[in-house]
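Listed here are the chains, written in short residue letters.
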Amino acid sequence: MDGSDAQAPAGGIAVANLKIAVHASPREIAEDWRALEHALPVSVYQSFDWIDCWTETATAPQGIRPAIVSIRHGTRLVAILPLGIERAGPLRVARFLGGDHANIRMGLFDPAFATSLDGQSTGDLLRTVAGRIRGVDLFDLDAQPIAWADIPNPLAVHTDATPARCDVGMMRLEADFAAVLRAHRGAKKAKKRRWQANTLEPVGGFTLRRAASQEEALSILDTYFAQKAAWFRSQGIADSFAEPGVADFFRALVRRRWSGDESALIELDALEFDGGIRAILGSGTQSGRLSGYFMSVSDDDWRRVSPGELMLYEVIAASCARGLQELDLGRGDERYKASWLDINEPHVRAIVPVTQAGRAAAALLRLADRTERAVRGNPRLWKLAKTIRRWRGRDEKMPADAD
């Protein structure tokens, strides 16, 4: 689908002069996507392989229609919006692909094009995109960074954009891990690591093992799924990894990672001691940044030594040695993240209605957003909400336990 609508100018580039097409699969523009990706400091979540694996494994089981939007100025590709159309009752909602498993969600934008857009022209652009996709009631573009690699994210300045429910914390890395450690309460962390090492010495110490083969990675991944499912049950949280297609998606990342391409599309780190895996971190690396996908800790007596904290200490040290410049652990404000991540990357959610039904739904979504932000922003209310969630989880387990 090609063409353009007469719209207001987008800074130095008129929206009317853009060629906008919608593709059912990333593979339809694979060569152009990879070229744009390699020319920009994109996150791993916007890489061709990440989106392609999600499209191939998760969209059909979840009832999502891929709508990959390519935007060209003349013959030059200036942006890609990796969208999917989801059903929410009678509504058709356009969201970035990846769902909650994409901690950073945005398009790929040529820097010159990104800086040519403002709040008004971004609205004109989305209206034109909606006309190309057809049948969209609402854009729900959540978890968008305001800027990425010092380049403004144009969709984050849309007039309907508001702060996201939670941001992403990150940290700067450098080759000298000792310097990084000093900047993050290093004396306290080093003291605890010595205690952990001494505590584990009677059982042979610990090992941080990074999966070196597809088979090893899939084995660690299965252990992760089991550990995390147990934790979700204990906290009364729905298991997002049990949703249709999600486990297959991460297995597809593993297979793609070891298909001959040496990219760090996914890495599996496992902390082992006393004959078992006690903590796991799944991550991906792109543009010098390690992004944490997920983390788990075994629910046993060894939790007293904080294996997750020990694993992060070792992973951060290894990331410095690898020459990485940045590290994040996804969305959320868990204590283990706050211990290291000292830079807050603000994110926004742009809820942009297209139809009358979309406008009604947008009002409800914004109200729910404001309510959740208020709860999260009040430590007492947030603690109470998590306690209620855990109680609910225990109540839901009781019939099965009784059997």
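As annotated in an unreviewed UniProt entry, the protein chain is CelD/BcsL family acetyltransferase involved in cellulose biosynthesis from Kaistia defluvii.

## As for the sheet that holds strand 17 (residues 326–331)
Within the open sheet, the seven strands sit side by side as 13-14-15-16-17-12-18. Their pairing is mixed. This sheet does not close on itself; its edge strands, each paired only once, are strand 13 (207–210) and strand 18 (343–345). Between one strand and the next, the sheet's axes are offset by a mean angle of 30°, whatever the strand orientation. Relative to strand 17, strand 16 (residues 289–297) runs parallel, the two sharing three bridges. By the bridge assignment for strand 17, S291 is matched with D328.

## Looking at the packing of helix 2 (residues 48–57) against helix 8 (residues 246–257)
With their axes 9 Å apart at the nearest point, helix 2 and helix 8 run at an angle of 140° to one another. One element, helix 2, and the other, helix 8, form an angle in the oblique class. Crossing handedness for the pair helix 2 and helix 8: right-handed. Residue-level contacts link F48, D49, W50, D52, C53, W54 and T57 of helix 2 to V246, D248, F249, A252, L253 and R256 of helix 8.

## A word on the pairing of strand 5 (residues 76–88)
Alignment of strand 4 (residues 65–73) against strand 5, held across nine bridges, turns out to be antiparallel. Considered in strand 5, the bridge of S70 is made with I80. Counted between consecutive antiparallel strands, the loop separating strand 4 from strand 5 contains two residues, among which G74 sits at a positive phi close to 70°. Two strands pair when backbone bridges link them, and strand 5 and strand 7 (residues 108–109) are joined in this way by two bridges, in the antiparallel orientation. Bridge pairing links A79 to F109 in strand 7. Across six bridges, the pairing between strand 5 and strand 6 (residues 91–96) is antiparallel. Bridging across to strand 6, A88 finds its partner in L91. Between strand 5 and strand 6, which follow one another and run antiparallel, lie two residues, and G89 among them has a positive phi close to 65°.

## Overview of the nonpolar core
By size, the foremost hydrophobic cluster in this structure holds 47 residues, and its most contacted members are W50, F250, L253, L268, Y293 and F294. Elements that contribute at least two residues to this core include exactly helix 1 (30–39), helix 2, strand 5, helix 7 (214–235), helix 8, strand 14 (267–273), strand 15 (276–286) and strand 16. In terms of residues, this core owes the most to one element, helix 8, which gives seven residues. Discounting chain neighbours no more than four positions away, the residues touching L268 are R209, R210, A211, A217, I220, L221, V254, I280, L281, G282 and F294.

## Points about unusual backbone geometry
Although it is not a glycine, A149 sits at a positive phi angle of roughly 55°. Checked against the element boundaries, A149 lands in the loop between strand 9 (147–148) and strand 10 (151–152). Residue D150 is not a glycine yet carries a positive backbone phi of 65°. Looking at the element boundaries, D150 is found in the loop between strand 9 and strand 10.

Basis of the calculations
- Residues numbered from 1 in each chain as written.
- Predicted model: local features only at pLDDT ≥ 70, side-chain atom pairs only at ≥ 80, totals over all residues.
- Heavy atoms only, no water.
- Pairing = 2+ DSSP bridges.
- Helix = DSSP H or I, 4+ residues; strand = E, 2+ residues; numbered from the N terminus.
- Axes fitted to C-alpha atoms, helices over the stretch in contact; angles between N-to-C directions.
- Parallel < 35°, antiparallel > 145°, perpendicular 65-115°, else oblique.
- Left-handed = near helix turned anticlockwise from the far one by under 90°.
- Contact = heavy atoms within 4.5 Å.
- Core = buried A, V, L, I, M, F, W, Y, C linked by side-chain atoms within 4.5 Å.
- Buried < 20%, exposed > 50% of the residue type's maximum accessible area, 1.4 Å probe, protein only.

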